[in-house]
Amino acid sequence: MLSLVSLVAFASASLAVKPIHSHNDYTRAVPLWTALNLSIMSVEADVFWQSNQLYVAHTSIEINKSKTLDSLYLANILGIINGTIASPTPISVANPLQLLIDFKTDGASTFKPVQDALQPLRAGGHLTTYANGKLTQGAVTVVGTGNTPLASVIASNPRDIFYDADIRKLYSTKPATGLEWGPEIAPLASVDYSSVSSTAQMQELVLNAHDFGIKSRFWDTASNVGTWNTFFAAGSDWVNADDLQAVSNAWATFDSSAKGMIDAAYQKWDALQAEANVEEL
Ligand SMILES: *[C@@H]1O[C@H](CO)[C@@H](O)[C@H](O)[C@H]1NC(C)=O
Ligand SMILES: *[C@@H]1O[C@H](CO)[C@@H](O)[C@H](O)[C@H]1NC(C)=O
Ligand SMILES: *[C@@H]1O[C@H](CO)[C@@H](O)[C@H](O)[C@H]1NC(C)=O
């Protein structure tokens, strides 16, 4: 367990970023731009590898040939970073974008095409990268989810497609023999909220993830202010949002008291841990 002091430091630092994730971002009125307009720096694209293209769609029958990972996301992101496309919010090392790529087709055949599609961002030095034992923050952190093959993520060198881990299994299942979970493999860990039994368990999972330096996300959550506030108060890092404006409004209102509530949650947790340790002695 991390000490209370470092947990509180983490909570304070994380307040600088809006803890909002644009779930299935490609379904927004204007993919990517609806999020950037609200300074929401985490977006998600479902991707199908088909006919030598990476199509962005929810299901294979909804594929529209004009909507590819490159046309909706990668070309715009590169243009924003290199200054050829104007954006309401910069994408930079200081204000990085998390791009979740949800592999809908099988991992083995989809991984290499995604790696190839990222080449212009990679060549520009814009991707968060792990190499030679060092994690270097870039303007864009790519996280594979869905069918993303963990072994391919671990094997890639340099590594610039990261992994969305199962937040319930960070302590119980190692990523590979001899490796521990950490942001150099999984900057993000998630779970379907319907498999979480209570707010207290959710809080525990958030703190477990933070022990590993990993950020938390719960999907399949209810969509109302009370629910979003519960996640904000727990220090959950990427609150799943479909109505980006509504969740932004909730965060703006919550913000004034957030620090105190998050600190209180950590203090409560730390006290419980201290109690547990005393019992063990
Ligand atoms: C972004 O904001 C600008 C300025 O307010 C507005 O004109 C534009 O329609 C917005 N775009 C999206 C996708 O929300
Ligand atoms: C495909 O997407 C484009 C761009 O949004 C749109 O203009 C077009 O109508 C779509 N095609 C179909 C078949 O839905
Ligand atoms: C800047 O981004 C645009 C849009 O993606 C791209 O066409 C262009 O090649 C990029 N230029 C550089 C120098 O990376």
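Criteria and cut-off values
Position numbers for residues count from 1 along each chain, tracking the sequence in the order it is written. Chains and ligands are labelled sequentially in the order written, the chains with letters from A and the ligands with numbers from 1. Only residues with pLDDT of 70 or above have their local features reported here, since the model is predicted, and side-chain atom pairs are shown and tallied only from 80 upward, although totals for entire chains, interfaces and linings are computed over all residues. Side-chain measures here rest on the full set of heavy atoms in the structure, leaving out hydrogens and waters. Only DSSP runs of H or I with at least four residues qualify as helices, and only runs of E with at least two residues qualify as strands; both kinds are numbered from the N terminus onward. The rule is simple: take the accessible area with a 1.4 Å probe, protein chains only, and divide by the maximum for that residue type; under 20% is buried, over 50% is exposed, in between is partly exposed. Working rule for contacts: check all heavy atoms of both residues, and any pair within 4.5 Å makes them a contact. For accessible areas, the Shrake-Rupley method is used with a probe of radius 1.4 Å. Any residue's cover is judged against the shown protein chains and nothing else. Consider each residue's heavy atoms; a residue with any of them within 4 Å of a molecule or strand counts as near. Polar contact is the term for a pair of N or O atoms within 3.5 Å; when the atoms are in protein, one must be able to donate a hydrogen and the other to accept it, and sequence-neighboring residues count only if both atoms are side-chain atoms. Each residue is assigned to one class: nonpolar for Ala, Val, Leu, Ile, Met, Phe, Trp, Tyr, Cys and Pro, charged for Asp, Glu, Lys and Arg, and polar for all the others, Gly among them. Whether two strands pair depends on DSSP finding at least two bridges between them. Here, the term right-handed applies to a crossover whose path from the first strand over the helix to the second runs clockwise when the strands point away from the viewer. Any carboxyl oxygen of Asp or Glu within 4 Å of a side-chain nitrogen of Lys or Arg constitutes a salt bridge here.

J.: Explanation requested: the overall build of the chain in the structure shown.
T.: Broken down by element type, the chain carries 9 helices and 11 strands. Taking all 281 residues of the chain together, the buried fraction comes to 49%. Taking contacts inside the chain between residues at least 6 apart in sequence as the whole, the part at least 24 apart equals 63%. With the model as given, the accessible surface of the chain reaches about 12,500 Å², and the carbon-plus-sulfur share is 55%.

J.: It is not clear to me how the site of ligand 1 should be interpreted in this structure. Could you clarify?
T.: Every residue lining ligand 1 is accounted for by V30, W33, T34 and N37. Note that an oxygen atom of ligand 1 is positioned 2.3 Å from one of the side-chain N or O atoms of N37. Relative to its free-state accessible area of 360 Å², ligand 1 is covered by the protein chains to the extent of 33%. Each residue belonging to the shell around ligand 1 can be placed in one class, and the counts come to 2 nonpolar, 2 polar and no charged.

J.: Where do I start with unusual backbone geometry in this structure?
T.: What you tend to see is this: most non-glycine residues have negative phi, and most peptide bonds are trans. The step from N157 to P158 runs through a cis peptide bond, and the omega angle for that step is 0 degrees. Backbone geometry at L32 places phi at a positive 70 degrees, although glycine is not the residue there. Within the secondary structure layout, L32 lies in the loop between β1 (20-22) and α2 (33-37). With relative accessibility at 0%, the residue L32 sits in the buried group. With a phi close to 55 degrees, S39 is a non-glycine residue in the positive phi region. Position of S39 relative to the elements: it lies in the loop between α2 and β2 (42-50).

J.: Which parts of the structure should I look at to understand the pairing of strand β10 (residues 215-219)?
T.: Successive side chains on a regular strand alternate, one facing one side of the sheet and the next facing the other. Both strand β9 (residues 188-192) and β10 contribute to a ladder of 5 bridges, which runs parallel. For L188, the partnering residue across the bridge sits in β10 and is K215. With respect to chirality, the unit in which β9 leads through helix α7 (residues 199-211) into the neighbouring parallel β10 is right-handed. Bridge analysis of β10 against strand β11 (residues 238-241) gives 2 bridges, and the strand direction is parallel. Within β11, the position partnered with R217 by the bridge is W238. Read from β10 through helix α8 (residues 225-233) to β11, the crossover connection turns out right-handed.

J.: Is there a simple way to explain the site of ligand 3 in this structure?
T.: Around ligand 3, the neighbouring residues are A75, L78, G79, N82 and T84. N82 is positioned with one of its side-chain polar atoms (N or O) 2.4 Å from an oxygen atom of ligand 3. A distance of 3.5 Å separates an oxygen atom of ligand 3 from a polar atom in the side chain of T84. About the coverage of ligand 3: the protein hides 43% of its 360 Å² of free accessible area. Its residues assigned to classes, the shell around ligand 3 comprises 2 nonpolar, 3 polar and no charged.

J.: Is there a simple way to explain helix α4 (residues 107-117) in this structure?
T.: For an α-helix, the turn length of 3.6 residues means that residues three or four places apart are oriented alike. For α4, every residue scored as buried is listed here: G107, T110, F111, P113 and V114. In the core, the buried residues of α4 are packed alongside β2, β3 (53-56), β4 (97-103), α6 (150-155) and β8 (161-166). One side-chain oxygen at the N-terminal end of α4 lies 3.3 Å from the backbone nitrogen of A108; it belongs to D106.

J.: In this structure, what is going on with the pattern of salt bridges? I would like to understand it.
T.: If the charged atoms of two oppositely charged side chains come close together, the side chains can form a pair. The final tally for this structure, using the stated rule, is 10 salt bridges. A salt bridge links R217 to D164, with the nearest nitrogen and oxygen atoms 2.8 Å apart. Placement of the pair is R217 in strand β10 and D164 in strand β8, with a sequence separation of 53 residues. Each member of the pair, R217 as well as D164, carries the same accessibility label: buried. A single network of salt bridges, built from pairs that share partners, joins E44, D164 and R217.

J.: Sorry, what's going on with the side chain of S216 here?
T.: Along the chain, S216 falls in strand β10. Residue S216 is classed as buried on the basis of its relative accessible area, which comes to 0%. Not counting residues within four places of it along the chain, the set of residues in contact with S216 comprises I167, L188, A189, V206, G235, S236, D237 and W238.

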